Amino acid sequence: MIDMTAVDREIRAARAELADPGNVKGILSLPTRVRIWRAMLDPDDDELSYQHRVRLKIACVRHVLPVWYRGFPGDQRVEEMITLTQALMDRRTTDIDQAQEYAESLLVGVIDDVNASATEVEPGVLKPDATKEASSFVADAASMMTISACYRDPDYDTAEESDDITDDDELLPDSLDESYSCASAAAGALNWMPVEQTDVPARRAFWAWYLNEAIPTTLAT
């Protein structure tokens, strides 16, 4: 059984972190999220823990689909990735290698598209289209969501090794957490980027939704 008292305690702590006046960028830190994920685990039901983990990732990607479509109107690749992820969860597809290859190819293709959209702002300096770059964060989240679903390990996101990492930006690009990528898509900026280049209200709104709606809805299903 999930200890909902522990979940509620960690969510309250996360809300306090988000509301802290010193948190000018509206960041919800990785250690705080890891503590929530650990509280969400059901020690008696690995499959349920896995389902909750992946459903939360799907919810995050769905939430920022409008950001994806702003950069790639009519492009169904992210929704196709959601469908594939659901099939993996339901065991309707068991070809893990193919699923991972498809997920990786999505991100590679989108990055190529973003690079192709870049314009030369000064000799030898290219700047990607900002809208497409934000959309690429959604593609990154969708790719990692599908890869994550390939592993039915309830501790996939909560291994003790994660305790050594205190900042999302310390992670390699191919191991970023989906919620971070989605928050970055909403904000149009990664955590390390200057606040002047960040839609801070949009980032705060994403994390507030994550804490107040996404997690409770996920645990209720």
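Everything discussed here concerns the structure shown above.
Residues numbered from 1 in each chain as written. Predicted model: local features only at pLDDT ≥ 70, side-chain atom pairs only at ≥ 80, totals over all residues. Heavy atoms only, no water.

Novice: Break down helix α6 (residues 96–116) for me, with residues and values.
Specialist: Between its terminal C-alpha atoms α6 stretches 30 Å, which fits the 30 Å expected from 21 residues at 1.5 Å a residue. Within α6, burial applies to Ala 99, Gln 100, Ala 103, Leu 106, Leu 107, Gly 109, Val 110 and Val 114. If you follow the buried residues of α6, they end up packed against α4 (65–71), α5 (77–89) and α7 (130–149). (Helix = DSSP H or I, 4+ residues; strand = E, 2+ residues; numbered from the N terminus. Expected span 1.5 Å × (residues − 1). Buried < 20%, exposed > 50% of the residue type's maximum accessible area, 1.4 Å probe, protein only. Contact = heavy atoms within 4.5 Å.)

Novice: How would you sum up the packing of helix α2 (residues 30–40) against helix α9 (residues 200–219)? Please name residues and give values.
Specialist: The contact between α2 and α9 brings their axes to 12 Å, and the two run at 10°. By the criterion of interaxial angle, the relationship of α2 to α9 is roughly parallel. Contacts between α2 and α9 pair Arg 33, Ile 36, Trp 37 and Met 40 from the former with Trp 207, Tyr 210, Leu 211, Ile 215 and Leu 219 from the latter. (Axes fitted to C-alpha atoms, helices over the stretch in contact; angles between N-to-C directions. Parallel < 35°, antiparallel > 145°, perpendicular 65-115°, else oblique.)

Novice: Requested: an account of the pairing of strand β1 (residues 119–122), with residues and values cited.
Specialist: Direction of pairing for β1 relative to strand β2 (residues 125–127): antiparallel, over a ladder of three bridges. Note that in β2 the partner of Thr 119 across the bridge is Lys 127. Hairpin geometry of β1 and β2 is characterised by an intervening segment of two residues between the two adjacent antiparallel strands and by a positive phi of about 80° at Gly 124. (Pairing = 2+ DSSP bridges.)

Novice: Before we move on, could you go through unusual backbone geometry and cite the residues and values that matter?
Specialist: Phi at Arg 91 is positive, roughly 60°, even though this residue is not glycine. Summarising the element assignment, Arg 91 is placed in the loop between α5 and α6. Its relative accessible area of 53% is what places Arg 91 among the exposed residues.

Novice: Kindly report on the environment of Gly 71, identifying the contributing residues and their values.
Specialist: Checked against the element boundaries, Gly 71 lands in helix α4. As for Gly 71 and Leu 219, which are separated by 148 residues in sequence, their C-alpha atoms are 32 Å apart. Each residue touching Gly 71, except ones within four places of it in the same chain, is listed here: Thr 131, Lys 132 and Ser 135.

Novice: Got a sec to walk through the pattern of salt bridges? Specific residues and values, please.
Specialist: Side chains that differ in sign of charge can pair as their charged atoms come close. This model, assessed by the stated rule, comprises ten salt bridges. Note that Glu 10 is salt-bridged to Arg 35, the shortest N-O span being 3.7 Å. Linking Glu 10 in helix α1 (residues 4–19) with Arg 35 in helix α2, this pair joins segments that are 25 residues apart in sequence. With a closest N to O distance of 2.7 Å, Glu 178 and Lys 57 form a salt bridge. Of this pair, Glu 178 sits in helix α8 (residues 178–187) while Lys 57 sits in helix α3 (residues 46–63), placing them 121 residues apart in sequence. By the burial criterion, Glu 178 is buried, and Lys 57 matches it. Residues participating in the shared-partner salt-bridge network are Arg 33, Asp 168 and Asp 177. (Salt bridge = Lys/Arg side-chain N within 4 Å of Asp/Glu carboxyl O.)

Novice: Any details on the nonpolar core? Residues and values, ideally.
Specialist: Among the nonpolar cores identified, the biggest contains 64 residues, and Met 40, Val 61, Trp 68, Phe 206, Tyr 210, Leu 211 and Ile 215 are the most heavily contacted of them. With ten residues, α7 is the single largest residue contributor to this core. (Core = buried A, V, L, I, M, F, W, Y, C linked by side-chain atoms within 4.5 Å.)

Novice: Which residues make up the packing of aromatic side chains, and what values do they have?
Specialist: Overall, the coordinates contain six aromatic pairs when judged by the stated rule. Ring centres of Tyr 151 and Tyr 156 lie 5.5 Å apart, and the angle between their planes is 20°; on these two criteria the pair is classed as stacked. We classify Tyr 156 as partly exposed; its relative accessible area is 30%. The interplanar angle of 85° and the centroid separation of 5.3 Å between the aromatic rings of Trp 207 and Tyr 210 together place this pair among those described as edge-to-face. Taken as a pair, Trp 207 and Tyr 210 lie in helix α9 at a separation of three residues, close to a single helical turn. One exposure class covers both Trp 207 and Tyr 210, and it is buried. Among the aromatic side chains, those forming a connected cluster through ring pairs are Phe 206, Trp 207, Trp 209 and Tyr 210. Above the face of the Phe 72 ring, Arg 77 is positioned so that its terminal group lies 5.6 Å from the ring centre. (Phe/Tyr/Trp six-rings, centres within 6.5 Å; stacked < 30°, edge-to-face > 60°. Lys NZ or Arg CZ within 6 Å of the ring centre and 35° of its normal.)

Honestly, that's just the spatial picture; any functional story needs more than this.
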